[in-house]
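Report on the structure
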Amino acid sequence: MKQENDVVYIEDTITLYLDNNAEVECDILAIFPIKQQFYIALMPQTPVEGYEPGEYFLYRYQSDGENVELSDIESEEEWEAVEDKFEELLDEEEFNSMK
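A brief look at the structure comes next. Quantities reported herein were computed from a predicted structural model and do not represent experimental measurements.

So, the packing of aromatic side chains
Per the counting criterion, the structure on display carries four aromatic pairs. An angle of 65° between the planes, with centres 4.8 Å apart, marks the rings of Y56 and F86 as edge-to-face. You can see Y56 sitting in the loop between β4 (37-44) and β5 (57-63) and its partner F86 sitting in helix α1 (residues 76-97), a full 30 residues away along the chain. Note on accessibility: Y56 and F86 belong to one class, buried. Feature note: the residues F32, Y39, Y56 and F86 constitute an aromatic cluster, connected by ring pairs.

Brief notes about the pairing of strand β2 (residues 13-17)
For β2, the tally of buried residues reaches five of five residues, placing the bulk of the element in the interior. Where burial is concerned, the two faces of β2 agree: the one with T13, T15 and Y17 and the one with I14 and L16 are both buried. Examined bridge by bridge, β2 and strand β3 (residues 23-34) share five bridges and lie antiparallel to one another. By the bridge assignment, I14 is partnered in β3 with C26.

Description of the side chain of E78
Here E78 shows up in helix α1. E78 gets classed as buried once you look at its relative accessible area, which sits at 14%. Engagement of the side chain of E78 in a polar contact is seen with the side chain of Y39, the distance being 2.6 Å. A polar contact is formed between the side chain of E78 and the side chain of R60, at a distance of 2.7 Å. Setting aside anything within four residues of it in sequence, one finds E78 in contact with Y39, R60 and I73.

Remarks on the pairing of β5
As paired elements, β4 and β5 share five bridges and run antiparallel to each other. Paired with L42 across the strands is F57, a residue of β5. In this sheet, strand β6 (residues 68-71) lies alongside β5 in antiparallel orientation, the contact comprising four bridges. Directly across from Q62, in β6, lies its bridge partner E69. With antiparallel pairing between neighbouring strands as the criterion, β5 and β6 make up a hairpin whose turn holds four residues, including G65 at a positive phi of roughly 100°.

Re the pattern of salt bridges
Summed over all chains, the structure comprises two salt bridges. For the salt bridge of R60 with E78, the shortest nitrogen-to-oxygen distance reads 2.7 Å. Placement of R60 in strand β5 and of E78 in helix α1 is noted, with a sequence separation of 18 residues between them. Classification of R60 as partly exposed rests on a relative accessible area of 26%.

The rules we used
- Residues numbered from 1 in each chain as written.
- Predicted model: local features only at pLDDT ≥ 70, side-chain atom pairs only at ≥ 80, totals over all residues.
- Heavy atoms only, no water.
- Phe/Tyr/Trp six-rings, centres within 6.5 Å; stacked < 30°, edge-to-face > 60°.
- Helix = DSSP H or I, 4+ residues; strand = E, 2+ residues; numbered from the N terminus.
- Buried < 20%, exposed > 50% of the residue type's maximum accessible area, 1.4 Å probe, protein only.
- Pairing = 2+ DSSP bridges.
- Polar contact = N/O pair within 3.5 Å; in protein donor to acceptor, adjacent residues only side chain to side chain.
- Contact = heavy atoms within 4.5 Å.
- Salt bridge = Lys/Arg side-chain N within 4 Å of Asp/Glu carboxyl O.

Following this line, the structure appears as structure tokens:
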């Protein structure tokens, strides 16, 4: 049985296996560093029960080139920093697409 943070990495998508054994196919929106830690932003390809449409997932991200490991962001302070950085990246992308 797969745990919540088990992942399958396929190019620009990741399949998450949630606690209820549901598989959620997600698009990778961004992988970005803050200090020495990398984070990943994921967007489910289909609606997920209990989540708002358009709501994205943020996780800690680690990869050795072959294996990918995601882990939960534990503290509110870390969550806010990651969310701020991701929203900054979205703003930059939107600005750059306007040029």
